[in-house]
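# Close look at the chain arrangement
Given next are the chains, with one letter for each unit.
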Amino acid sequence: MKTMLDWLPALAFVAAYVVYDIYVATMVLIGALFLAVAVHRLHTGEWHKTNLVAACVALVLGGLTLWIRDPLFIKLKPTVVYAVFSVILIGSHFIGDKPLMARIPPTMIALPDWLWARVNAAWAVFFLVCAIVNVPIALHFSESTWVMIKTFGFPAASFAFLLGHLPFVAPYLPKEEPSA
């Protein structure tokens, strides 16, 4: 269910863009992000911090897009969100007892501290690169190209980056017990 909630706003955004325009898509994105946050909160009792950050940034930049009627603001939303994630990940090396990524419940994966620090730093750099790469795409590519890259390109790059971690984290993944 969490994966569906994570994808719902992006898919709703692209569907509204294809059927209507960037302004309707922006309204749909804002609503879908806050809906995803609310559903997660009702289901788990916790705030989905990633979606909450994205929803707040979408509300501000999307609101400017709708008010001024300039799609540049919503096009820069990924840059702001990725930059915020990068800063938070970098800051977590200096605030708290361990990097943010190391705070993942140990039932999911247990890595040595040195590897968590590297994984955390790698994701911080990755998000910073995504923030930077979005700017020329938003400024110099067509609106429809930007929508497709934002919706499918950045998530595909994130998945590929995640897969690139496998050789380093595989030795620490939980082993399945052989069935008798």
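Residues numbered from 1 in each chain as written. Predicted model: local features only at pLDDT ≥ 70, side-chain atom pairs only at ≥ 80, totals over all residues. Heavy atoms only, no water.

On the surface, Trp7, Leu11, Val18, Val19, Tyr20, Met148 and Phe152 cluster together into a nonpolar patch covering about 700 Å² of accessible area. Every element with two or more residues in the nonpolar patch is listed here: helix 1 (2-19) and helix 7 (143-164). Residue contributions to the nonpolar patch peak at four residues, all from helix 1. With respect to the helices and strands, Phe152 occurs in helix 7. (Patch = residues over 30% accessible without salt bridge, like charges linked within 9 Å, V, L, I, M, F, W, Y side chains within 5 Å. Areas by Shrake-Rupley, 256 points an atom, 1.4 Å probe, with all protein chains shown as cover. Salt bridge = Lys/Arg side-chain N within 4 Å of Asp/Glu carboxyl O. Helix = DSSP H or I, 4+ residues; strand = E, 2+ residues; numbered from the N terminus.)

Among the structural elements, Ala157 can be located in helix 7. The partly exposed category is assigned to Ala157, whose relative accessible area is 30%. On a C-alpha basis, the gap between Ala157 and Leu33 in space is 21 Å, while along the polypeptide they are 124 residues apart. (Buried < 20%, exposed > 50% of the residue type's maximum accessible area, 1.4 Å probe, protein only.)

Before going further, it helps to spend a moment on helix 7. For helix 7, with 22 residues, the first-to-last C-alpha span of 30 Å sits near the 32 Å given by 1.5 Å per residue. Along its length, helix 7 shows its largest kink, about 40 degrees, at Ile149. (Expected span 1.5 Å × (residues − 1). Bend = angle between axes of the 7 residues up to and from the residue.)

Helix 7 packs onto helix 6 (residues 113-140) with a crossing angle of 160 degrees between their chain directions and a minimal axis gap of 12 Å. One finds that helix 6 runs roughly antiparallel with respect to helix 7. Where helix 6 crosses over helix 7, the handedness of that crossing is right-handed. On helix 7, the residues touching Ala122, Trp123, Phe126, Cys130, Val133, Asn134, Ile137 and Ala138 of helix 6 are Trp146, Ile149, Phe154, Ala157, Ser158, Phe161 and Leu162. Broken down by class, the residue content of the contact of helix 6 with helix 7 amounts to 13 nonpolar, two polar and no charged. (Axes fitted to C-alpha atoms, helices over the stretch in contact; angles between N-to-C directions. Parallel < 35°, antiparallel > 145°, perpendicular 65-115°, else oblique. Left-handed = near helix turned anticlockwise from the far one by under 90°. Contact = heavy atoms within 4.5 Å. Nonpolar A, V, L, I, M, F, W, Y, C, P; charged D, E, K, R; others polar.)

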